[in-house]
Amino acid sequence: MIHIEKLMAKFDLKGMHYSDGCGGRSALSVEEQLAAVGLAWRDAPAGFLLLLAECNDDRASLTQLMHLMFKATAELIAENWRGFYTQQAISALCVTAIMIAMNQRGRQCPECSGTGFYLRKRESRPCPACDDGVIAWTKETMHAAFSEQLPVSYKRFQKYLPYLETLSDWLCGQRTAAILLMDQRMGQEYQEARLVA
């Protein structure tokens, strides 16, 4: 099983520099950081940005990912959409797709705070609202997440749903590709270390 946090720590892809004059910005761009460890940015740019945002809480990567997603979503909708849509709808699609890709099992249950249990008369019982502390992604939960950004009726959301599914599937694929690239690079390093030893 791949531990994403260990992979991210291994390659130390944050690259922050806090000296005077830098303003807390990255000394190296994401592309330069990945080149330094021999990872191919071109194979999964959105995946690497997603992992940096997810594992390192890197806001610059999240902003860059939002710009990338917004552009791709706007192009996708412009080609296929009939009728009226807003820029806020495109943003809501991007934010929701990122949320789904970062939490593929589902969202943390608000009723049990992700524990999967609640106390009743000093006795612990399984939470009836979730499965093991997680509420899985369904059309209804996707609608709820989307409505946090753009409150729309479920009927209107169904028009956005195919685009959301396409975007979240693409982003999950990018995330998987980035993880596999890091894992492959670690395997190469391990083999090289064994040859030297």
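Fair warning: this is a prediction, and the values are worked out from it, not measured in the lab.

## Some thoughts on the overall build of the protein chain
Here is step 1: The number of helices and strands found in the protein chain is seven helices and four strands.
Here is step 2: When the helices and strands of the protein chain are listed from N to C terminus, the series reads α-α-α-α-α-β-β-β-β-α-α.
Here is step 3: A total of 197 residues make up the protein chain; the buried ones form 36% of that total.
Here is step 4: Restricting the contact set of the protein chain to residue pairs at least 6 apart, pairs at least 24 apart contribute 62%.
Here is step 5: Total accessible area on the protein chain is roughly 12,100 Å²; 52% of this is exposed by carbon and sulfur atoms.

## Section: the nonpolar core
Here is step 1: In this structure, Leu-65, Met-69, Leu-93, Met-142, Phe-146, Leu-164 and Leu-171 are the most contacted members of the largest nonpolar core, which totals 30 residues.
Here is step 2: At the level of elements, helix H3 (45-56), helix H4 (59-80), helix H5 (87-102), helix H6 (139-149) and helix H7 (154-196) are the ones that each hand at least two residues to this core.
Here is step 3: Among the elements that line this core, the one with the most residues is H5, at ten residues.
Here is step 4: With near-sequence residues (within four places) excluded, Met-69 lies in contact with Cys-94, Ala-97, Ile-98, Leu-167, Trp-170 and Leu-171.
Here is step 5: Counting seven residues, the second largest nonpolar core, distinct from the first, contains Ala-178, Ile-179, Leu-181 and Met-182.

## Thoughts on the packing of H3 against H5
Here is step 1: Running from N to C, H3 and H5 cross one another at 70°; their axes reach a closest spacing of 11 Å. The orientation of H3 with respect to H5, classified from their angle, is roughly perpendicular. As H3 runs across H5, the sense of the crossing is right-handed. Contacts between H3 and H5 involve Leu-50, Ala-53 and Glu-54 from the first element and Ile-98, Ala-101 and Met-102 from the second.
Here is step 2: A breakdown of the residues in the contact of H3 with H5 according to their chemical character gives five nonpolar, no polar and one charged.

## Remarks on the pairing of strand S2 (residues 117-120)
Here is step 1: Bridging between S2 and strand S3 (residues 123-126) involves four bridges; their strand directions are antiparallel. Bridged to Phe-117 within S3 is Pro-126.
Here is step 2: Following S2, the chain reverses through two residues before pairing antiparallel with S3; Lys-121 in that reversal takes a positive phi of roughly 50°.

## Remarks on the environment of Lys-155
Here is step 1: Relative to the helices and strands, Lys-155 is located in helix H7.
Here is step 2: Assessed through its relative accessible area of 72%, Lys-155 is described here as exposed.
Here is step 3: Each C-alpha atom of the pair Lys-155 and His-143 lies 9.9 Å from the other, and the pair is twelve residues apart in sequence.

## Comments concerning the pattern of salt bridges
Here is step 1: Tallied over the entire structure, the rule returns three salt bridges.
Here is step 2: As a salt-bridge pair, Glu-54 and Arg-175 come within 3.0 Å of each other at their nearest N and O atoms. Linking Glu-54 in helix H3 with Arg-175 in helix H7, this pair joins segments that are 121 residues apart in sequence.
Here is step 3: A relative accessible area of 26% means that Glu-54 is categorised as partly exposed.

## Quick look at the packing of aromatic side chains
Here is step 1: Across all of its chains, the model carries six aromatic pairs by this definition.
Here is step 2: Here the aromatic rings of Trp-81 and Tyr-163 are separated by 5.5 Å at their centres, their planes lie at 45°, and the arrangement is tilted. Linking Trp-81 in the loop between H4 and H5 with Tyr-163 in helix H7, this pair joins segments that are 82 residues apart in sequence.
Here is step 3: Residue classification places Trp-81 among the buried residues on the basis of a relative accessible area of 10%.
Here is step 4: Ring centres of Phe-146 and Phe-157 lie 5.3 Å apart, and the angle between their planes is 50°; this geometry places the pair in the tilted category.

The rules behind each value
Residues numbered from 1 in each chain as written. Predicted model: local features only at pLDDT ≥ 70, side-chain atom pairs only at ≥ 80, totals over all residues. Heavy atoms only, no water. Helix = DSSP H or I, 4+ residues; strand = E, 2+ residues; numbered from the N terminus. Buried < 20%, exposed > 50% of the residue type's maximum accessible area, 1.4 Å probe, protein only. Contact = heavy atoms within 4.5 Å. Areas by Shrake-Rupley, 256 points an atom, 1.4 Å probe, with all protein chains shown as cover. Core = buried A, V, L, I, M, F, W, Y, C linked by side-chain atoms within 4.5 Å. Axes fitted to C-alpha atoms, helices over the stretch in contact; angles between N-to-C directions. Parallel < 35°, antiparallel > 145°, perpendicular 65-115°, else oblique. Left-handed = near helix turned anticlockwise from the far one by under 90°. Nonpolar A, V, L, I, M, F, W, Y, C, P; charged D, E, K, R; others polar. Pairing = 2+ DSSP bridges. Salt bridge = Lys/Arg side-chain N within 4 Å of Asp/Glu carboxyl O. Phe/Tyr/Trp six-rings, centres within 6.5 Å; stacked < 30°, edge-to-face > 60°.

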